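Residues per chain, in single letters:
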Amino acid sequence: MAVELCLLLLLFCGSTISEVQPIYKPPPGTLDFGFVPSKTYDTGAYHEPGSIGILFKIVHAFLYLVQPNSFPQDLIRKVAQQQLGNTRGDYQKAIYYEIGFIVSAALGLLFILLLPLVGLCFCMCRCCDNCGGEMHQRQKKNADCQRSCFATFLFVASLIISVGVLCAYAANQHLTNQVRGAKKLVNSNFKDLKIFLNDTPAQIDYLVSQYNTAKDKALSDLNNVGPVLGIRVQEQLGKEVRPALDAALSMAGAIRETKEALENVSVSVEVLQEGTERLHANLTDVKMHLSNTLNDSACNAAQAASTCNIIRNSLSQLNVNANFSGLPGVSSQLAKVNDVLKIDLSSLVQKGYAAFNDTPDLVVNQTRNILSDIKSMLESIGSNITTFTKALPVEKILADLMVYLTQSEAYVQDYFPLVEQYDFYRWLGCLILCCMVVLILVFYYLGLLCGTCGYDKHASPTTRGCISNTGGNFLMAGVGFSFLFSWVLMTVVVLTFVTGGNVEKLVCEPFEDKNLFKVLDTPYLLNRHWKNYLAGIVFKNPNVNLTFEKVYSDCKENKGIYTSLHLEYLFNINEFLNVSMYTEDVALKIEHIQINLSKIILLDEIGKENLLNFSSSGIDGIDFSAYLTEINKSVTKVDLLSFANDLEARADQLPKGALENALKGHANSIRMIHNQQVVPLEQAMKYVKARSTLNQSIRLLKRTSSELMVKVKNVISAVNTAQFLINNNASQVIVQETKKYMDTIIGYFEQYTEWVKESIAMEVAACKPIANVIDTAVDIFLCSYITDSVNTFWFGLGGSSMFLIPAIIFAVKLSKYYRRMDTEDVYDDTENGNNGYHKEHLYGIHNPVFTSSVEQW
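Cut-offs and rules
Residues numbered from 1 in each chain as written. Predicted model: local features only at pLDDT ≥ 70, side-chain atom pairs only at ≥ 80, totals over all residues. Heavy atoms only, no water. Helix = DSSP H or I, 4+ residues; strand = E, 2+ residues; numbered from the N terminus. Buried < 20%, exposed > 50% of the residue type's maximum accessible area, 1.4 Å probe, protein only. Contact = heavy atoms within 4.5 Å. Areas by Shrake-Rupley, 256 points an atom, 1.4 Å probe, with all protein chains shown as cover. Disulfide = S-S within 2.5 Å. Core = buried A, V, L, I, M, F, W, Y, C linked by side-chain atoms within 4.5 Å. Salt bridge = Lys/Arg side-chain N within 4 Å of Asp/Glu carboxyl O. Polar contact = N/O pair within 3.5 Å; in protein donor to acceptor, adjacent residues only side chain to side chain. Phe/Tyr/Trp six-rings, centres within 6.5 Å; stacked < 30°, edge-to-face > 60°. Axes fitted to C-alpha atoms, helices over the stretch in contact; angles between N-to-C directions. Parallel < 35°, antiparallel > 145°, perpendicular 65-115°, else oblique. Nonpolar A, V, L, I, M, F, W, Y, C, P; charged D, E, K, R; others polar. Expected span 1.5 Å × (residues − 1). Bend = angle between axes of the 7 residues up to and from the residue. pLDDT = per-residue confidence, 0-100.

## Thoughts on the overall build of the protein chain
Helix and strand counts for the protein chain come out as 28 helices and two strands. Across the 857 residues that make up the protein chain, the buried fraction comes to 47%. Taking the contacts inside the protein chain whose residues are at least 6 apart along the sequence as the reference set, 89% of them involve residues at least 24 apart. Only carbon and sulfur atoms are counted for the fraction: they give 58% of the accessible area of the protein chain, which is about 42800 Å².

Okay, here's the thing in structure tokens:
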């Protein structure tokens, strides 16, 4: 019942996902839905053993030597399916896999059986004064060396046994400490599960509430349909309309510029004509007087005749060069342009701009009714979601799950003292086993201490001191207890070795590399009729591809449980949040938007006729080359200063007299004309500006008049094309932009849906606590706490037990050198040929001090 409740809760956790496929290509504006509220889980499903971890690694290495084979997935599957042995060679494979454990366990059993039997035989043999039981020691020359070697070997063996028993004790204590501290970890897991249950409703509410974010954004765009849709339509139409209106407005500016240029030409020509006519009159007068002077009889003289002729021939140069009086006027063209300007073309074009810029207002006015329906529809969607959410029995399910979880926690809390009590019994039993070994070690160490300290090499075997004799007795006591306890120790070692080693190799290691999950996910393994066991439990449909490994991995990554368990197979979330159904209704409403832009007039017939009148104003008939030619000419044909200087120089060539003086007077007159009239014409601002203005105006008129009729027709054609687009083809543009607008509106809800999917997959009802429970139960409790500690315990205890054998041998050998003997060898001459000793029955001396049979073993 609890499992079903949990699964039903998880279904509701995932019930906000929509499977609507995106139907739009242009990405809408990104919405910010914030972060799903969540709390941090406290449980860290990871165990750090500390310094004892080195022992754990050593034990793992030893187990790898004993069992280096890979995890037998096929054999485990057959065992689970009770098919082991159906295939030929299965038992051989199992034996091959377990051969390390089998051999080790066999050696342990052999140890258990033989060591007590050997101890019994050894005891009986010594009671018959054999096997070292005779209280007589033969003296040898290397006795001290043997004694030292036996003592050293026994000490080393005792040290190794001590290390082993310390390892066993450390493992035993470590397990107890971990069991005592496990309550905190268990409570942490329960706390995380409660957080998991308590946070889920708030997360669901948050997901549902964020629908308002998408709805508010959509309503904002709907309220701003003019700036949004209207501007989009305007931008698309503007690709044709704006260039046409810009061209018409540019032509209106060209008309004004043409008028200004014509006026500038007329004024500039008058200014320049005035200056050149006065200069022409003065030059003509000077030329006439100079000609009269040259006609004087003095020029007929032989010395002056050639000079006068030269001067007379140069008189034609005294004339103006730029003749502005002969240029054609532009008054007729100016009059026609003024007639064109009587109609304000710019104002007409601006009216076209204004009408076109009113497109957003037209869209708002013509879509008011449809938009109100869409807004009502969006409000109803939110109401439906809220109503459906409230109808879900989430609170009841959560309450039932919380009750079950509370009961489970109370059950664990109630039985935890019992677990600690049983662990105490276990700890006490293991401690007794360690104390058995410690007892043996105490006898060995006391024997070594007393024997070594009380040994007197000058004393004979029958006269050894009490301390030395006590040391030997301690060693033999250690031997006796070794025979008594060794089989018990090895029995525990074998049992824990076989159990703990196989748990490590068959559970812990495959759990760590997830091979164990692969076995559990084997089709028809746990149920002969179900392909996927977990899917059969969750969905009652074993054909769904739901595996233990995938669920564990997803929960390990703290993904949402909806994604981890693929709960979409159990609950059709489209019934909860079928955005496609609502968006279809919204799309239909938006598609019915019809916008009529036929009221927009870009340029009326008056404006078009005005453009045609401008093209026929005659400015293209102006003789621009004549104007440019006169502008580029100099003021006079010759430099008057040079002419005056040359005239004066030639006058100097004449004889002194009236003719010379007259010519010099004319030269001064020419200089005066240059300074007073030519220089102002060339440098005075009035004439310079007139010449520059005339030059610029003529060039502007030339550019404007170039193919003027073609330009005007192109402008009118562009305006007509744009008007045709608005009147006839705007519907296509409107449909296209309406589709984009619709995609934008729907895109907000699809963003909401995708965000919900992502949140459900990664954040809502994140199942990390479930993975933590599994890790806590298997990886920490079973493997790290119990298995590693048990394996380390048998490793240390087993090592100690194995080294009891050499310790027994060395202790028996060494005790002969410490105990007081009943008889001893008596030496006489060392050269009598008896190899340093006499036979006991001939020369033995009875020791009356220590003859009790109680001292014999």
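## Re the state of the cysteines
On inspection of all chains with the given rule, the structure shows two disulfides. Shown here is the disulfide that connects C508 with C783, its sulfur atoms set 2.1 Å apart. Of note, the bridge from C508 to C783 carries an S-S torsion of about -100 degrees and is left-handed in sense. With a gap of 275 residues between them, C508 in helix α14 (residues 466-512) and C783 in helix α26 (residues 768-802) connect regions that are remote in the sequence. As far as the burial class goes, C508 and C783 line up, both buried. At a sulfur-sulfur separation of 2.2 Å, the disulfide partner of C555 is C767. Here the S-S torsion is close to -110 degrees, and the disulfide linking C555 with C767 is therefore left-handed. Of this pair, C555 sits in helix α17 (residues 548-556) while C767 is found in the loop between α25 (708-762) and α26, placing the two residues 212 residues apart along the sequence. Judged by relative accessible area, which is 0%, C767 ranks as buried. Of all cysteine sulfurs in the structure, the one in C434 sits closest to C435, which takes part in no disulfide; the separation is 6.9 Å.

## Structural notes on the side chain of S759
Along the chain, the position of S759 falls in helix α25. Not counting chain neighbours up to four residues away, the residues in contact with S759 comprise V36, L207 and V764.

## Regarding the nonpolar core
With 56 residues, the main nonpolar core has L378, L546 and W755 as its most contacted residues. The residues contacting W755, other than those within four sequence positions of it, are F33, G34, V36, Y206, L207 and Q210. Judged by nonpolar contacts, the second largest core, of 48 residues, contains A157, L433, V479 and Y817.

## With respect to unusual backbone geometry
Positioned with a positive phi, K514 is a non-glycine residue whose angle comes to about 65 degrees. Secondary-structure assignment places K514 in the loop between α14 and α15 (515-520). Taking relative accessible area as the criterion, K514 reaches 25% and is therefore assigned partly exposed. Here the phi dihedral of N558 falls at roughly 65 degrees; this positive angle occurs in a residue that is not glycine. Mapping N558 onto the fold places it in the loop between α17 and α18 (561-564). By relative accessible area, N558 is classed as partly exposed at 29%.

## Digging into the pattern of salt bridges
Counted according to the given criterion, the structure contains seven salt bridges. We note a salt bridge from D554 to K550, for which the minimum N-O separation is 2.6 Å. Of the two residues, D554 and K550 are both situated in helix α17; the distance of four residues between them amounts to about one turn of the helix. Overall, D554 belongs to the buried group, its relative accessible area being 2%. Relative accessible area serves as the criterion here: at 38%, K550 is assigned to the partly exposed category. The partner of D775 in a salt bridge is K556, and the shortest N-O contact between them spans 2.4 Å. Of the two residues, D775 sits in helix α26 while K556 sits in helix α17, which places them 219 residues apart along the sequence. The class for K556 is partly exposed, based on a relative accessible area of 34%. Each member of the salt-bridge network shares a partner with another, and the members are K550, D554, E557 and K559.

## As for the side chain of T200
With respect to the element layout, T200 can be found in helix α5 (residues 143-209). A distance of 2.6 Å separates a polar side-chain atom of T200 from the backbone oxygen of F196.

## Some words on the packing of aromatic side chains
Within the structure shown, the criterion is met by 23 aromatic pairs. Note on F517 and Y552: the rings are 4.8 Å apart at their centroids and 25 degrees apart in plane angle, and the pair reads as stacked. Here F517 is found in helix α15, whereas its partner Y552 is found in helix α17, with 35 residues between them in sequence. Between W530 and Y533 the ring centres are 5.7 Å apart and the planes differ by 45 degrees, which places this aromatic pair in the tilted class. Note on W530: relative accessible area 23%, which makes it partly exposed. Taken together, the ring pairs in this structure connect F62, F101, F497, W794 and F795 into an aromatic cluster.

## A few points about the packing of α5 against helix α6 (residues 211-223)
Close contact between α5 and α6 brings their axes to 4 Å; oriented N to C, the two are set at 10 degrees. Taken together, the axes of α5 and α6 lie roughly parallel to each other. Contact residues: L207, V208 and S209 in α5; Y211, N212 and T213 in α6. Residues that form the contact of α5 with α6 fall into these classes: three nonpolar, three polar and no charged.

## A word on the environment of Y533
The topology assignment puts Y533 in helix α16 (residues 533-539). Judged by its relative accessible area of 30%, Y533 falls in the partly exposed class. Sequence-wise, Y533 and L546 are 13 residues apart; in three dimensions their C-alpha atoms are separated by 8.4 Å. Residues in contact with Y533, not counting those within four places in the same chain, are L526, N527 and F548.

## Topic: α14
When the terminal C-alpha atoms of α14 are compared, their 60 Å separation across 47 residues is substantially less than the 69 Å that a helix rising 1.5 Å per residue should span. Its axis deflected by about 40 degrees at F485, α14 carries its strongest bend there. Where α14 ends, the next residue or the one after it, K514, has phi of about 65 degrees, a positive value.

## As for the environment of I374
With respect to the helices and strands, the residue I374 is situated in helix α12 (residues 368-391). Residues I374 and L588 lie 214 residues apart in sequence; the distance between their C-alpha atoms is 9.8 Å.

## A closer look at the confidence of the model for the protein chain
Across the protein chain, the average pLDDT comes to 75, with 73% of residues at or above 70. Between the elements of the protein chain, mean pLDDT differs from a low of 36, seen in helix α1 (residues 2-13), to a high of 92, seen in helix α2 (residues 53-66). In the predicted structure, residues 1-28 sits below a pLDDT of 50 and forms 83 contacts with residues beyond four places in sequence or in another chain.

## Quick notes on the environment of Y562
For Y562, the location among the structural elements is in helix α18. Exposure remark for Y562: the relative accessible area of 3% places this residue in the buried category. Measuring from C-alpha to C-alpha, the distance between Y562 and V764 comes to 8.3 Å, with 202 residues separating the pair along the chain.

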